[in-house]
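Structure assessment
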2 protein chains.
Amino acid sequence: MSLVVVGSIAFDAVTTPFGERERMLGGSAVHFSLAASFFTDVRVVGPVGDDFGEDEYAVLHGRGVNTEDIEHVEGGRTFFWRGHYEYDLNTAHTDDTQLNVFGEFKPKLSEESKRAENLFLANIQPDLQREVREQCHATRFAGLDSMNLWIEIARDSLKQTISQVDLVLLNDAEIRMLTEQPSLLLAAREVMAMGPRVIVAKQGEYGAALYTENGFFALPAFPLERVMDPTGAGDSFAGGFLGYLSSQEDWTAEASLRRAMTYGSVIASFNVEEFGTERVSRLTREEIDERFEAFRRMTTLEAAPA
Amino acid sequence: MSLVVVGSIAFDAVTTPFGERERMLGGSAVHFSLAASFFTDVRVVGPVGDDFGEDEYAVLHGRGVNTEDIEHVEGGRTFFWRGHYEYDLNTAHTDDTQLNVFGEFKPKLSEESKRAENLFLANIQPDLQREVREQCHATRFAGLDSMNLWIEIARDSLKQTISQVDLVLLNDAEIRMLTEQPSLLLAAREVMAMGPRVIVAKQGEYGAALYTENGFFALPAFPLERVMDPTGAGDSFAGGFLGYLSSQEDWTAEASLRRAMTYGSVIASFNVEEFGTERVSRLTREEIDERFEAFRRMTTLEAAPA
């Protein structure tokens, strides 16, 4: 099965209490692709400028990601983001955003990408997400991420896009904001009523919760001694989650969805241990499986004795 | 086995977006006692004034709580707290505090209470907690709760008290504040290094995490359609947690601690469904066991297929 992701490809400058990087590979589509690549064939769609070179392609190719649909805009520059995190690491503070080629991005998908069975619309303007959705067959599933900005300025468009996908991944605060409903359970059900059958509420350091028609599942974040750089954690989670589902015959089975949540959490936990893509780009399947089992041990609850 | 709790007995006036109560039974020792009473014999120690009457005793006796060590201060008035919650229900805003008899509280324990096998020091001034601790045998375990105020103004005393107990229950923010350590994992280990073998980080709507020497376990809060009044949730959690442990032969076994976390979460989830003690005072063991099983189904993660 193959999985297409459409989103940003970026250079990030990040400062955290534990270090800094002046220019590192980033962007939602990049973090997603690398994470998903451990489970399925991945194609990445997004724009880059002249400053995007061999070193950056090498990171993606190193994980077997298909980059044929990366659009090189002649004379342009790649999306650039500069941000920093305070001591608690929970909030990214943006210091500079240069949209560059991403500002004029009109996704163009090859025939191969249009025919992919599975699709992920990373956080881009919801009209664009819908244009992509309508070009793609996505015969198995389509998922999306979004952000508070689009809920504020393009709520109706976002709701329309949500009605055309199967899975929605948002922060819990965004789910509440979208529905104006303080109970996360009722809020998730409201989003489900728009069309999708799977809602994932990302909860940062508290992990993530999964809502389906009949089920609820929640997983803490993996307990780490040090989080070095949270940038890309959400996209890595999404990549692990949808990448694993893409590899499953019955992606809607509750057991598959729960394992997907766990793989998502595993990859996200590795992602934040170092800066940018540094850790995930040299991650092994063995390390993933080890941490998956650690998660299982950490969350196992035996029945009460009779 | 019996479990003694020392803490506040109060009248609360609470307003939430879903309703209000002008005067209801509350206080940490009350919520704790009711929750623990489903699992073990409970004795409650705390001061009340002339305004504490038959109706209030009836709630405690209705759950079989031993009230012989409730100290009636002649001519005094019971501790009174008035607060409200905003729409998100995460933060209690205090509008009025009248310490009344609680301001002069010097815990006096009967011989029966001193001989109890298990002890919980609810959130009171840490010097007082230590005085109680030193009077009690607590041959099995002693636990404590505290708050940001004591971390700010009585840090050394609190640390000394912590060194004399086996279990510490605090909000995650308080654990970080106490240790000045942003990684909750490292922070929990630092508290453990002070003496206790079990640290529970309470995380409000995200549930709770358990840290032991070799283990980590986390449980989400039970997903509820409506939270009516969060007052007492933390104390109900503590009561379910220590109450269950009090009933277990090997309270230090990882499986016992995990089940205790779950019972704590179960009782807390019932507590917040209505105001004050309303829901827990008519709760049944059958309802508890049902929700325990629901928790197990909600958190079960099957191994990945080979």
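Residues numbered from 1 in each chain as written. Chains lettered and ligands numbered in written order. Predicted model: local features only at pLDDT ≥ 70, side-chain atom pairs only at ≥ 80, totals over all residues. Heavy atoms only, no water.

What about the interface of chain A and chain B?
Facing 37 residues of chain A, the contacting portion of chain B comprises 37 residues. Between chain A and chain B, a total of about 3400 Å² is buried, with carbon and sulfur atoms accounting for 58% of that surface. When the area that chain A buries against chain B is broken down by residue, the three leading residues are A:Tyr206, A:Glu225 and A:Leu301, summing to 20%. At the boundary of chain A with chain B, the tally comes to four salt bridges. In this structure, the salt-bridge partner of A:Arg189 is B:Glu225, at a minimum N-O distance of 2.6 Å. Linking chain A with chain B are 18 residue pairs in polar contact (both at pLDDT 80 or more). (Contact = heavy atoms within 4.5 Å. Buried area = accessible area lost by both parts, 1.4 Å probe. Salt bridge = Lys/Arg side-chain N within 4 Å of Asp/Glu carboxyl O. Polar contact = N/O pair within 3.5 Å; in protein donor to acceptor, adjacent residues only side chain to side chain.)

Description of the packing of aromatic side chains
In the structure shown here, the tally under the stated rule is 27 aromatic pairs over all chains. Ring plane angle 15 degrees and centroid distance 5.9 Å describe the contact between A:Phe237 and A:Phe241, whose orientation is recorded as stacked. Of this pair, A:Phe237 and A:Phe241 are both found in helix α9 (residues 233–246), four residues apart, which corresponds to roughly one turn of the helix. Across the pair, exposure class does not vary: A:Phe237 and A:Phe241 are buried alike. For the ring pair B:Phe102 and B:Phe105, a centre distance of 5.9 Å and an interplane angle of 20 degrees mean the geometry is stacked. The two residues B:Phe102 and B:Phe105 agree in class, both being buried. (Phe/Tyr/Trp six-rings, centres within 6.5 Å; stacked < 30°, edge-to-face > 60°. Helix = DSSP H or I, 4+ residues; strand = E, 2+ residues; numbered from the N terminus. Buried < 20%, exposed > 50% of the residue type's maximum accessible area, 1.4 Å probe, protein only.)

So, helix α1 (residues 28–36) of chain B
Residues separated by three or four positions in an α-helix point in the same direction, a consequence of the helix having 3.6 residues per turn. Across the nine residues that make up α1(B), a large majority, nine, are buried. Taken together, the buried positions of α1(B) are B:Ser28, B:Ala29, B:Val30, B:His31, B:Phe32, B:Ser33, B:Leu34, B:Ala35 and B:Ala36.

Observations regarding the confidence of the model for chain A
Taken over all residues, the pLDDT of chain A has a mean of 96, while the share at 70 or more is 100%. Taken together, the chains of this predicted complex give a pTM of 0.94 and an interface ipTM of 0.91. (pLDDT = per-residue confidence, 0-100.)

A few points about the relation of the copies chain A and chain B
Of the transformation superimposing chain A on chain B, the axial component is 0.0 Å and the angular component is 180 degrees, with the fit at an RMSD of 0.0 Å. Here the symmetry operator amounts to a two-fold rotation axis. Looking at chain A, 100% of its interface residues are interface residues in chain B too, so the copies touch through the same face. (Least-squares fit on C-alpha atoms with pLDDT ≥ 70 in both.)

Things to note about the packing of helix α4 (residues 126–135) of chain A against helix α6 (residues 155–162) of chain A
Residues and elements named next belong to chain A. Closest axis-to-axis distance for the α4/α6 pair is 8 Å, and the angle between their directions is 25 degrees. As far as their axial angle goes, α6 and α4 are roughly parallel. Seen along the crossing, α4 lies across α6 with a hand that is left-handed. On the side of α4, the interface is formed by Pro 126, Asp 127, Gln 129 and Arg 130, while α6 contributes Ser 157, Leu 158, Gln 160 and Thr 161. (Axes fitted to C-alpha atoms, helices over the stretch in contact; angles between N-to-C directions. Parallel < 35°, antiparallel > 145°, perpendicular 65-115°, else oblique. Left-handed = near helix turned anticlockwise from the far one by under 90°.)

Comments concerning the pairing of strand β11 (residues 198–202) of chain A
Residues and elements named next belong to chain A. Of all five residues making up β11, five are buried, and the element is well covered by its neighbours. Inspection of the sheet shows β11 paired to strand β12 (residues 208–212) by five bridges, in the antiparallel sense. Bridge pairing links Lys 202 to Ala 208 in β12. Between β11 and β12, which pair antiparallel and follow one another directly, the connecting turn spans five residues, one of which, Gly 204, has a positive phi of 55 degrees. (Pairing = 2+ DSSP bridges.)

Thoughts on unusual backbone geometry
Positioned with a positive phi, A:Ala138 is a non-glycine residue whose angle comes to about 40 degrees. The class of A:Ala138 is buried, set by a relative accessible area of 7%. Positive phi is not limited to glycine here, since B:Asn100 has a value of about 50 degrees. As for its placement among the helices and strands, B:Asn100 is situated in the loop between β7 (92–98) and α3 (111–114). Take B:Asn100: its relative accessible area is 31%, and that puts it in the partly exposed class.

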